[in-house]
Amino acid sequence: MQLRNIKVPSQQVSFLEAVRIGLGEQQGLFFPDSWPKLEVETLLAQPFAKRSAAILQALIGDELPEAELSALVAEAFAFGAPLAAVTEDVACLELFHGPTLAFKDFGGRFMARALMASQQRSGVTNTTIVTATSGDTGAAVAHAFYQRPGAEVVILFPKGKISVLQEKLFTTLGKNIHTLAVDGDFDQCQALVKEVFNDRDLVKRLNINSANSINISRLFAQICYYFEAVAQVPADKRHNIVISVPSGNFGNVTAGLIAKVLGLPIKRMIAATNANDTVPRYWQSGDWQVKPTVATLSNAMDVSAPNNWPRVEDLLAQGVIQRSDLVTTMVDEEDTQLAMRQLAQLGYLSEPHAAVAYRALKRELQPDEFGIFLGTAHPAKFKEQVENILGNPIALPPALAAVAGEASLAVDMAADFVELRKVLLSLEK
Ligand SMILES: *Cc1c(COP(=O)(O)O)cnc(C)c1O
């Protein structure tokens, strides 16, 4: 398949090149400008891994042979995405049954394997993954690359701004996983990673790749679970589905919009943000105004300059989605807590990110529609906040219990590129 750099359209790359390069010239994102039409009904009848391989094959084309892609997908998606009923017309798509208990496992695990496949073909043996995390990407990427020969991983996270258990899931690994606690917010971490990519010499010397949601392979992987969601909706309700996505960097909601472009029956998508509401304000006013990031309960969405937004604009420009296909709305802290309590009363234990999406869904859902909100992380990842808000203790699943008592190996760093450069060069082989 051919992908085009959104900013520099003359830069065209294959899928495997895009996976390897990550970000294009002038920090432009890679994106397809034509889309396959899928046999959606046939696909919906298939099991998750088989269907996902077929969707990805249709997108990627023959760059990865069918048998290789099928094996890769089966390995990457080795856990389910169940749709949990909350009420008669609302359900939660639980995307937190992977090893690091957040939806980022889908993209992270597929990306790691696609990258290895790409490198094998180009004869590259060593790579350095540099990524910024607002909470859950770090763990997913760290686990996906942990102890993989030839891969060094450097993860930047905003010090003190992610939950303790989120942090423990990736800062306790060691070996080829290097973690930096940056004195700043997520947008500063993301800006540092962008600076790394501007340093051509550094990128070349260390063969640096980013595992952020700008990597097209992560986005493609995420398309697959939207099909899995619809496949679990009773057939008589499939024509009226509205899906609400808790959004930060807007990768997840972009994947949902792509699923719609591919023919999946989704009536509307809702992008729900917390107080970091650059997109909802922009969607209303047409004015892109980035304010300083504020810390909220849904910390993985504390992003004020969402990286993936240009891809949504590109889908609009391509004419494959309409403005009315996307609703954007902001949910404040009070409403987030209220939503968590409402869900608890309905017998569903939730956490702040899913609660933001649930609240937005309740605002927008019309009679006769079937609403799905995405459960992007396991409630136990936010144990303290969830216990404070709901007043009940929650148990830790084994993956979290195992790291809760381990010491963090993260190194403190100022939000300074010169310092980051030194750290990276120390990894040079
Ligand atoms: C990353 C993350 C989000 C935001 O997803 P984007 O694709 O960046 O919009 C929402 N919830 C959780 C739990 C996350 O980790």
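About the thresholds
- Residues numbered from 1 in each chain as written.
- Predicted model: local features only at pLDDT ≥ 70, side-chain atom pairs only at ≥ 80, totals over all residues.
- Heavy atoms only, no water.
- Helix = DSSP H or I, 4+ residues; strand = E, 2+ residues; numbered from the N terminus.
- Buried < 20%, exposed > 50% of the residue type's maximum accessible area, 1.4 Å probe, protein only.
- Contact = heavy atoms within 4.5 Å.
- Polar contact = N/O pair within 3.5 Å; in protein donor to acceptor, adjacent residues only side chain to side chain.
- Near = heavy atom within 4 Å.
- Areas by Shrake-Rupley, 256 points an atom, 1.4 Å probe, with all protein chains shown as cover.
- 1 Å grid on protein atoms, 1.4 Å probe; cavity = no way out; pocket = protein on both sides within 12 Å on 5 of 7 lines; lining within 4 Å.
- Sits in = over half its atoms within 2 Å of the grid points.
- Pairing = 2+ DSSP bridges.
- Axes fitted to C-alpha atoms, helices over the stretch in contact; angles between N-to-C directions.
- Points joined across faces, edges and corners; volume = space filled by probe spheres on them.
- Nonpolar A, V, L, I, M, F, W, Y, C, P; charged D, E, K, R; others polar.
- Lys, Arg positive; Asp, Glu negative; His and termini not counted.
- Salt bridge = Lys/Arg side-chain N within 4 Å of Asp/Glu carboxyl O.
- UniProt positions renumbered as here; feature names shortened; annotations may be inferred.

## Notes on unusual backbone geometry
Now for step 1: For Gln147, which is not glycine, the phi torsion reads 60° and is therefore positive.
Now for step 2: Along the chain, the position of Gln147 falls in the loop between helix H6 (137-145) and strand E7 (151-158).
Now for step 3: A positive phi angle, near 55°, is found at Lys175, a position not held by glycine.
Now for step 4: One can find Lys175 in the loop between helix H7 (164-171) and strand E8 (177-183).

## With respect to helix H12 (residues 278-285)
Now for step 1: Most of H12 sits inside the fold, with six of its eight residues counted as buried.
Now for step 2: Thr278, Val279, Pro280, Arg281, Tyr282 and Trp283 are the residues of H12 that are buried.
Now for step 3: Looking at the buried residues of H12, the elements they touch are strand E11 (268-273), helix H13 (309-318) and strand E12 (326-330).
Now for step 4: Of the residues flanking the end of H12, it is Gly286, one or two places downstream, whose phi is positive at about 80°.

## A short note on the environment of Asp325
Now for step 1: By the secondary structure assignment, Asp325 is in the loop between H13 and E12.
Now for step 2: Separated by 12 residues in sequence, Asp325 and Glu313 have C-alpha atoms that sit 12 Å apart.
Now for step 3: The residues contacting Asp325, other than those within four sequence positions of it, are Leu257, Lys260, Lys267, Arg268 and Met269.
Now for step 4: Engagement of the side chain of Asp325 in a polar contact is seen with the backbone nitrogen of Gln322, the distance being 2.7 Å.

## A word on the site of the ligand
Now for step 1: Of all residues adjacent to the ligand, which total 15 residues, the nearest are Lys104, Asp136, Gly248, Asn249 and Phe250.
Now for step 2: Between an oxygen atom of the ligand and a main-chain N or O atom of Asn249, the distance comes to 2.8 Å.
Now for step 3: Phe250 places a main-chain nitrogen or oxygen 2.8 Å from an oxygen atom of the ligand.
Now for step 4: Protein contact buries 97% of the 390 Å² of open area that the ligand shows by itself.
Now for step 5: If you map the ligand onto the pockets, it falls in the largest cavity.

## Describing the sheet that holds E12
Now for step 1: Strands sit in the order E4-E5-E13-E10-E11-E12 across an open sheet of six strands; the sheet is mixed. Because the sheet does not close on itself, it has two edges, and the strands there are strand E4 (83-87) and E12. Each strand axis lies, on average, 25° off the axis of its neighbour in the sheet, ignoring direction.
Now for step 2: Bridge count between strand E10 (residues 241-246) and E11: five bridges; the pairing is parallel. Opposite Ile243, over in E11, you have Met269 as the bridge partner.

## Some words on the layout of surface pockets
Now for step 1: Computed from the structure, the largest pocket encloses a volume of approximately 490 Å³.
Now for step 2: Contributions of two or more residues to the lining of the largest pocket are made by helix H1 (15-21), helix H8 (186-198) and helix H9 (200-206).
Now for step 3: Sort the elements by how many residues they give to the lining of the largest pocket and H9 lands first, with three residues.
Now for step 4: The volume enclosed by the second largest pocket comes to roughly 170 Å³.
Now for step 5: Lining the second largest pocket, in full, are Ile6, Lys7, Leu23, Gln27, Gly28, Leu29, Lys194, Pro306, Asn307 and Pro310.
Now for step 6: Split into classes, the residues belonging to the lining of the second largest pocket amount to five nonpolar, three polar and two charged.

## Let's talk about the side chain of Arg109
Now for step 1: If you trace the backbone, Arg109 turns up in helix H5 (residues 104-122).
Now for step 2: One buried charge, Arg109, has no salt-bridge partner; the nearest side chain with opposite charge is Asp105, at 5.9 Å.
Now for step 3: A polar atom in the side chain of Arg109 sits 2.8 Å from the backbone oxygen of Ala76.
Now for step 4: Among residues more than four places away in sequence, those in contact with Arg109 are Glu75, Ala76, Ala78, Phe79, Pro99 and Ala144.

## Some words on the sheet that holds strand E1 (residues 2-5)
Now for step 1: If you walk across this open sheet you meet the three strands as E2-E1-E3, and the pairing is antiparallel. Each edge of the open sheet carries a strand with a single partner, namely strand E2 (12-14) and strand E3 (30-31).

## Thoughts on the UniProt feature "domain: Threonine synthase N-terminal" (unreviewed entry) in the protein chain
Now for step 1: The UniProt feature table records "domain: Threonine synthase N-terminal" (unreviewed entry) at residues 10-77.
Now for step 2: When the span residues 10-77 is considered, its composition is 53% helix and 7% strand, and the gap between its end C-alpha atoms is 34 Å.

## Describing the pairing of E1
Now for step 1: Examined bridge by bridge, E1 and E2 share three bridges and lie antiparallel to one another. Within E2, the residue paired with Leu3 across the bridge is Val13.
Now for step 2: In sequence, E1 turns back onto E2 through a hairpin of six residues.
Now for step 3: Bridge count between E1 and E3: two bridges; the pairing is antiparallel. Within E3, the residue paired with Arg4 across the bridge is Phe31.

## Quick look at empty space enclosed by the protein
Now for step 1: Per the stated rule, a full pass over the model turns up four cavities of 30 Å³ or more.
Now for step 2: By volume, the largest cavity amounts to about 290 Å³.
Now for step 3: Lining the largest cavity are 26 residues, with Phe103, Lys104, Ser134, Asn249 and Ala300 sitting closest to its centre.
Now for step 4: If you list the elements that add at least two residues to the lining of the largest cavity, you get helix H10 (216-231), E10 and helix H11 (251-261).
Now for step 5: Considering each element in turn, the lining of the largest cavity owes the most residues, three residues, to H11.
Now for step 6: Per-class residue counts for the lining of the largest cavity are 10 nonpolar, 13 polar and three charged.
Now for step 7: Of the pockets and cavities examined, the second largest cavity occupies roughly 50 Å³.
Now for step 8: Forming the boundary of the second largest cavity are Leu23, Gln190, Val193, Lys194, Phe197, Asn212, Ile214 and Asn307.
Now for step 9: Its residues assigned to classes, the lining of the second largest cavity comprises four nonpolar, three polar and one charged.

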